[in-house]
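# Fold and geometry: a report
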Amino acid sequence: MFDEWQAQAVEEGVTDAQQVSVPGRPSAFAGADAVKYTAEIPDPCDGDDDIAVLDFRGLYAHATVEVSGDRIDGEGAVDHDAYFEPLRIPFEPTGDDRVVVTCRAPEDRFGGLHATEAVPEEDAVPGIWWDVSLEAHSLPALDRIDVRPEITEEGARLHVRTSVLTAGPLDERITYSLRPEGESKTRGMMERAHVEADGPGVTTVEHTIEIRDPALWWPRELGEQNRYTLRAKLAGQERTVTTGICETAFEDDQLHVNGTPLSIRGVNLLTDDGADIERALDLNANLVRAHAHVLPQSVYERCDEQGLLVWQDMPLTGPGAFDRGRGIDLAERLGKTYEHHPSLAAFGVHDDPVAAFEDGLGSGVLDRLRVRYRAWRSSYDPEPARAVAEALPDRPVFPVVGGPGVDGDAGSYYPGWDYGDAAGIDGLLDRYPVAVLAEYGAGALAETEVADAAGFDAAKHDRHVGGAVDESQAYQAGTLQTVTERLRQRDVGAIAYALRDTDSAGMGVYGVDGRAKEAQATLERAFAPVQAFLADPDASESAVVVVNDLPQEVSATLSWEAGERTGEEEFTISPNSQWETDPVSVDTDQIRLTVSVGSETIENVYDRS
């Protein structure tokens, strides 16, 4: 549609404009504070078409857009400062129009992950990241539909906001039709709403659709991913949005989905690549956390389809004050943009508000290596983050995710990496209890040669292991196994950091190219919905604990091998609960636990050699 885009850095001594692909993040401009993108706009209109609409997705982070055609609202350049919110610009094409988009690096604290060293500079180039399209419409035109599902005592309802573009006075009706997706036997329905406008511009219509006996959307472990398609029609035009009905709550230190408890097994996403959703599912994860950045709609759609829950952070991370009013505004816009997705399960506001071992949390190498989890305390004030949390939609919200001593709503604890050893997770949780550990893990090499990899602390890594890839990946796998298994036995929500590296080394269990590290298989085993663990992996005798995260009772057989000693026991375990054996002798280098459920077997292996 746009054959050629030219890009140019906006600074003194700029180079000549270069041809670039849009959408994208042209690496030639890595490190630039601002980049200007220019393109000729073909006239898409024919016949009865009155206007063209430019639709931008992912304008990072602060953008100004100028269109040479006449704007339908009579305004000039458009300023846009929420990259996750679509920007639609209607205008009357002349056949000789240009668009100029100037994107700037974050001008406030809300650049999120991409304003940190966790990603390479080429991944944070200001630009049009996700999509740009050009549409043609006759007037009046349906411009945008926002949907907020709500479960009620009588069933459910959809709160619908429809934006209509008009050329003049209007007195019409919008027809809404609702149809279930897939094989759901739920009936569809049709309703109408009145739309009235005095003149040209944008008019918003609010309407509520009641649904009797709704087919709820469930995570894949709990049920079907039932969804609905809402279609709006006006003057021969139509626009659709797909949604689902799902209610999440955080009660008694556990996530509940449509009233059913679900133990969190998740992983942090540092990317917005839809292919990572399949990788997360391969890990047996039931939730992904968009770590201090916002996922595009296309990734949410895959999560809706696959039954994977999303914890959506605000794009806010690291120490420092932020503007509360700006945060509240972004929270409201974030909710409006994404709350129609049934996979949206929870929100986070401020990530890691205090740097580790600063602000009274200890300092120096000895603290990091031989920490005894003394009573760390921080002077961080969580009140601004809690004020922003109030503006988010009705989902569980974790205003603060932080390390020990921050008194966060969810934890960011790194035993075995930042301090102590992995087994110290029990001491940390005893002193600084949290219901959800939103970050934990260790870094590992993915390649032999690593130089200044983004998001990777090489000095910290070298304090634990040498430079060999095998040793590095084995240490990461062991750390993740120890912490994850303890979290599952304590019924603490576990969200490992992270799914995939952003550079040649990192905290991911996959490399930047998508190839699995050793820790991938380790985390996949530890995240199995039904799995057996040693209660004390370092002891000569240990009970075996079987965890069942499924919503149904499980009848199974547990077998164990410890050298020449073997054993077997049949048992039944209730939904979302645990079952434990008497202590068994495991005084050997390798212990193998096997749970058989029908024809399926789940193994867990401990190598203490």
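This part takes up the pattern of salt bridges. A full pass over the atoms with the stated rule returns 38 salt bridges. When the shortest N-O distance is used, the salt bridge between Glu 85 and Arg 333 registers 3.0 Å. In this pair, Glu 85 sits in the loop between strand S7 (78-80) and strand S8 (87-92) while Arg 333 sits in helix H3 (residues 324-338), placing the two residues 248 residues apart along the sequence. Salt-bridge contacts for Asp 329 lead to Arg 333; the nearest nitrogen and oxygen are separated by 2.8 Å. Of this pair, Asp 329 and Arg 333 both sit in helix H3, separated by four residues, roughly a single helical turn. For Asp 329, a relative accessible area of 29% puts it in the partly exposed group. On the accessibility criterion, Arg 333 (17% relative accessible area) is buried. Residues joined by salt bridges that share partners form a network here, namely Asp 55, Arg 57, Arg 88, Glu 135, Asp 143 and Arg 239.

A surface patch of negative charge is lined by Asp 43, Asp 46, Asp 48, Asp 50, Asp 70 and Glu 92. Structurally, Glu 92 is set in strand S8.

In this section: the environment of Asp 46. Topologically, Asp 46 is positioned in the loop between strand S3 (34-41) and strand S4 (51-60). Each C-alpha atom, one on Asp 46 and one on Ser 138, is 9.6 Å from the other, the two residues being 92 residues apart in sequence.

Read from one edge of the open sheet, three strands run S31-S33-S36, paired in antiparallel fashion. Two strands in the sheet have a free side with no partner beyond their single neighbour: strand S31 (530-534) and strand S36 (577-580). Between one strand and the next, the sheet's axes are offset by a mean angle of 20°, whatever the strand orientation. Both strand S33 (residues 544-548) and S36 contribute to a ladder of four bridges, which runs antiparallel.

On to the nonpolar core. The biggest cluster of nonpolar side chains holds 65 residues, and the ones touching the most others in it are Met 314, Tyr 413, Tyr 440 and Leu 487. If near-sequence neighbours (up to four positions away) are discounted, Met 314 is found in contact with Phe 110, Ala 292, His 293, Gly 327, Leu 330, Ala 331, Leu 334, Gly 348, Val 349, Val 388 and Leu 392. Ranked by size, the runner-up nonpolar core spans 30 residues in total, among them Ala 32, Ala 39, Leu 87 and Ile 89.

Packing of helix H8 (residues 469-489) against helix H9 (residues 518-526) leaves a shortest axis separation of 8 Å and a crossing angle of 15°. Judged by the inter-axis angle, H8 sits roughly parallel to H9. Between H8 and H9 lies a crossing whose hand is right-handed. Residue-level contacts link Asp 470, Gln 473, Ala 474, Gln 476, Ala 477, Leu 480, Gln 481, Thr 484 and Arg 488 of H8 to Glu 518, Ala 519, Thr 522, Leu 523 and Ala 526 of H9. For the contact of H8 with H9, a count of residues per class yields six nonpolar, five polar and three charged.

For strand S10 (residues 127-137), the tally of buried residues reaches eight of 11 residues, placing the bulk of the element in the interior. Direction of pairing for S4 relative to S10: antiparallel, over a ladder of nine bridges. Bridge assignment links Ile 51 to a residue of S10, and that residue is His 137.

On to the packing of aromatic side chains, then. Enumeration according to the criterion identifies 11 aromatic pairs in this entry. A ring pair is formed by Phe 250 and Phe 398, whose centres lie 5.3 Å apart and whose planes are at 75°; its orientation type is edge-to-face. Placement of Phe 250 in strand S18 (residues 248-251) and of Phe 398 in strand S25 (residues 397-402) is noted, with a sequence separation of 148 residues between them. A residue is classified by how much of its surface remains accessible, and Phe 250, at 28% relative accessible area, is partly exposed. Residue Phe 398 is classed as buried on the basis of its relative accessible area, which comes to 6%. A centroid spacing of 6.3 Å and a plane angle of 85° characterise the contact between Tyr 414 and Tyr 497, whose relative ring orientation is edge-to-face.

Now for the environment of Tyr 380. You can see Tyr 380 is positioned in the loop between helix H4 (365-369) and helix H5 (383-389). Residue Tyr 380 is classed as buried on the basis of its relative accessible area, which comes to 17%. Distance in space between the C-alpha atoms of Tyr 380 and Gly 408 is 9.8 Å, their sequence separation being 28 residues. At 3.0 Å, the side chain of Tyr 380 and the side chain of His 350 are in polar contact.

At the junction of Val 22 and Pro 23, the peptide bond is cis and its omega measures out at 5° in the coordinates. Even without being a glycine, Ala 235 presents a positive backbone phi close to 50°. By the element assignment, Ala 235 lies in the loop between strand S16 (228-234) and strand S17 (237-243). Unlike most non-glycine residues, Asn 576 shows phi in positive territory, near 50°. Mapped onto the elements of the fold, Asn 576 is located in the loop between strand S35 (565-573) and S36.

Conventions adopted
Residues numbered from 1 in each chain as written. Predicted model: local features only at pLDDT ≥ 70, side-chain atom pairs only at ≥ 80, totals over all residues. Heavy atoms only, no water. Salt bridge = Lys/Arg side-chain N within 4 Å of Asp/Glu carboxyl O. Helix = DSSP H or I, 4+ residues; strand = E, 2+ residues; numbered from the N terminus. Buried < 20%, exposed > 50% of the residue type's maximum accessible area, 1.4 Å probe, protein only. Patch = residues over 30% accessible without salt bridge, like charges linked within 9 Å, V, L, I, M, F, W, Y side chains within 5 Å. Areas by Shrake-Rupley, 256 points an atom, 1.4 Å probe, with all protein chains shown as cover. Lys, Arg positive; Asp, Glu negative; His and termini not counted. Charge placed at Lys NZ, Arg CZ, Asp CG, Glu CD. Pairing = 2+ DSSP bridges. Axes fitted to C-alpha atoms, helices over the stretch in contact; angles between N-to-C directions. Core = buried A, V, L, I, M, F, W, Y, C linked by side-chain atoms within 4.5 Å. Contact = heavy atoms within 4.5 Å. Parallel < 35°, antiparallel > 145°, perpendicular 65-115°, else oblique. Left-handed = near helix turned anticlockwise from the far one by under 90°. Nonpolar A, V, L, I, M, F, W, Y, C, P; charged D, E, K, R; others polar. Phe/Tyr/Trp six-rings, centres within 6.5 Å; stacked < 30°, edge-to-face > 60°. Polar contact = N/O pair within 3.5 Å; in protein donor to acceptor, adjacent residues only side chain to side chain.

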